[in-house]
Amino acid sequence: MANLRNIYDSRRIWKVVFLAISLVLVALFLYISNNLVKDLAEQERERMEIWADATQELATMGNESGENGAGGSATDVDFLLSIIEANHNIPVLLVDDNDNILLHRNFRLPEPEDSLAFEISPANLEYLNKKLRHLKHGENKIDIKIDESTTQYLYYEDSTLLRRLAYFPYIQLAVLILFFAIAYFALMSIKRAEQNKVWVGLSKETAHQLGTPISSLMAWMQLLESMGVDKSIVTDMDKDVKRLSTIADRFSKIGSMPDKELVPINEAVTSSLEYMRARIPKRVNLYIHTNDQTNNGVMLSQTLFAWVMENLTKNAVDAMDGEGQLDITVEDSPNNAVILVKDTGKGIPRKNFKNVFNPGFTTKKRGWGLGLTLVKRIIEEYHNGQIYIKESEVGKGTTFGIELPKIKS
């Protein structure tokens, strides 16, 4: 039991470690990518400031040329123009105080533009004005002081490269999440497959080991009967031997799909509790609530279903410390037959609602913590049903719910 608990705890630790490593890697990639985007954005800002300075210089030269008859040298003008012309990937709008567009570059205009035309076509102008309204709400703006009375404004968009790079961290995050999810589910699938092999091997070996002493006991029963031993004693021993045979048969069915037959749910529940009714403490009141309206037909392996009901009953009796009330109720839903097992025991904290079905989980001082795991496997894998804790309150009791697909007539 201690080993199973240690295994369960170590699995939880490894899951936490795996999740922590994943989060650290994701955070590292996002940090690097965001810094890269930030650096590129700063570089583009610097380029636009140089572009703005060049524009300012050209405008200043033009003003000086008009006032004094002489401007900057041709070399200076060519150099400044080359700076402006070098921008091939950052969309730019240059406007005056009245938001009149003076210059635009690198926008995908709706209409082809004639390089010799001085005016912007109406469609392109509408497009650029829409862009301007959008850019005015952003931070990509540089003021260009031409003279004391004139200021121009340079608005620009992030380049295509920067926009793509801005999405890159989210793409990385999605890819990493997908990778870790696939890795996690692959590991869980391998682990479940290994667990299944252990379950099947243990069950088959148990059934095999029980077979020999059961056969021997049957032979001894015949010998005792022939020797004239009290018939009531032989009858009681025969019941116990048959019980052992039933247990061996249950274990032999684990690992392979059992044969099922159509059984009315009321009869299945009632018959499965016949063995336990005579063996539970007298201070536990057992009540079975059924009615003809909920007596739906379900496909069952009666041997395995009886194992489920006996396990739940035994757990309930243990939770009540041998004193209390156990109500087993058969209800109906549109698609399922519903069985509720309600006790007045210690109850289960909400944080353990799912853990109770895990191998090795138990609150008892004795036990392996495998009973509810087997119950879940039998109901969900062999009968396509569901088992869950419907409600529980510490100190007041627990209600387990079982849903089995009903066969509609």
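The present account deals with the structure reproduced in this document. In this text the structure is predicted, and so the values were computed from the model without any measurement. Counting starts from 1 at the beginning of each chain's written sequence and moves along it residue by residue. Local features are withheld for residues below a pLDDT of 70 in this predicted model, meaning they are given only at 70 or higher, and side-chain atom pairs are given and counted only at 80 or more; totals for whole chains, interfaces and linings count all residues. Just so you know, side-chain values use all the structure's heavy atoms and leave hydrogens and water out.

The subject of this paragraph is the pairing of strand β4 (residues 151-156). When a residue's accessible area, from a 1.4 Å probe over protein chains only, is under 20% of the maximum for its type it is buried; when over 50% it is exposed; and in between it is partly exposed. Helix and strand definitions follow DSSP, with helices as H or I runs of at least four residues and strands as E runs of at least two, each counted in order from the N terminus. Within β4, six of the six residues are buried, which leaves it mostly tucked inside the rest of the structure. Burial along β4 is two-sided: Thr 151, Tyr 153 and Tyr 155 and Gln 152, Leu 154 and Tyr 156, pointing in opposite directions, are all buried. As paired elements, strand β1 (residues 92-95) and β4 share four bridges and run antiparallel to each other. Along β4, the bridge assignment pairs Leu 93 with Tyr 155. Strands were regarded as paired on the criterion that DSSP finds at least two bridges between them. Where strand β3 (residues 141-145) lies against β4, five bridges are found, and the strand directions are antiparallel. If you follow Asp 143 over to β4, its bridge partner there is Tyr 153.

This part covers the packing of helix α8 (residues 302-319) against helix α9 (residues 371-383). Orientation is described by axes fitted as lines to C-alpha atoms, over the contacting stretch for helices, and by angles from 0 to 180 degrees between their N-to-C directions. Interaxial distance between α8 and α9 falls to 9 Å at its minimum, and their mutual angle equals 145°. In the packing of α8 onto α9, the handedness of the crossing is left-handed. Note on element contacts: α9 touches α8 through Gly 371, Leu 372, Leu 374, Val 375, Ile 378, Ile 379, Tyr 382 and His 383, opposite Leu 304, Trp 307, Val 308, Asn 311, Leu 312 and Asn 315. Three classes are used, and their members are as follows: Ala, Val, Leu, Ile, Met, Phe, Trp, Tyr, Cys and Pro are nonpolar, Asp, Glu, Lys and Arg are charged, and the others, Gly among them, are polar. Residues of the contact of α8 with α9, tallied by class, amount to ten nonpolar, four polar and no charged. Whether a crossing is left-handed or right-handed is set by the direction in which the near helix is turned from the far one by less than a right angle, anticlockwise for left-handed and clockwise for right-handed. Any pair of residues with heavy atoms lying within 4.5 Å of one another is described as a contacting pair.

One open sheet accounts for four strands, arranged β2-β1-β4-β3; its pairing is antiparallel. The sheet is open, and its two borders are formed by β2 (101-105) and β3, each paired with just one other strand. Neighbour to neighbour, the strand axes of the sheet diverge by 15° on average, direction disregarded. Sheet strands in contact with helix α3 (residues 122-135) are β1, β2 and β4, and its direction is about 90° off that of β1.

Before going further, it helps to spend a moment on the environment of Ala 166. For Ala 166, the location among the structural elements is in helix α4 (residues 160-226). Along the primary structure Ala 166 and Ser 33 are separated by 133 residues, whereas in three dimensions their C-alpha atoms are 8.2 Å apart.

Within this document, salt bridges are pairs made up of a side-chain nitrogen of Lys or Arg and a carboxyl oxygen of Asp or Glu, the two lying within 4 Å of each other. For the coordinates displayed, the defined rule picks out nine salt bridges. Of the charged contacts, one joins Asp 99 and Lys 136 as a salt bridge, the two residues approaching to 2.7 Å between their closest N and O atoms. Of this pair, Asp 99 sits in the loop between β1 and β2 while Lys 136 sits in the loop between α3 and β3, placing them 37 residues apart in sequence. Residue class for Asp 99 comes out partly exposed when judged on its relative accessible area of 28%. Its salt-bridge partner being Glu 157, residue Lys 131 comes within 2.9 Å of it at the nearest N-O pair.

Take the packing of aromatic side chains next. Any pair of Phe, Tyr and Trp rings, taking the six-membered ring for Trp, is counted once the centres come within 6.5 Å. Such a pair is stacked with planes under 30 degrees apart, edge-to-face with planes over 60 apart, and tilted for the rest. All chains considered together, the criterion is met by one aromatic pair. On the basis of an interplanar angle of 90° and a centroid distance of 6.3 Å, the ring pair of Phe 357 and Phe 400 is categorised as edge-to-face. Of this pair, Phe 357 sits in the loop between β9 (336-343) and α9 while Phe 400 sits in strand β11 (residues 397-407), placing them 43 residues apart in sequence. Phe 400 carries the same exposure label as Phe 357, and that label is buried. By the criterion adopted, a ring carries a charge over it if an Arg CZ or a Lys NZ lies within 6 Å of its centre and within 35 degrees of its normal. It is Lys 376 that lies over the ring of Phe 357; its NZ or CZ is 5.2 Å from the centre.

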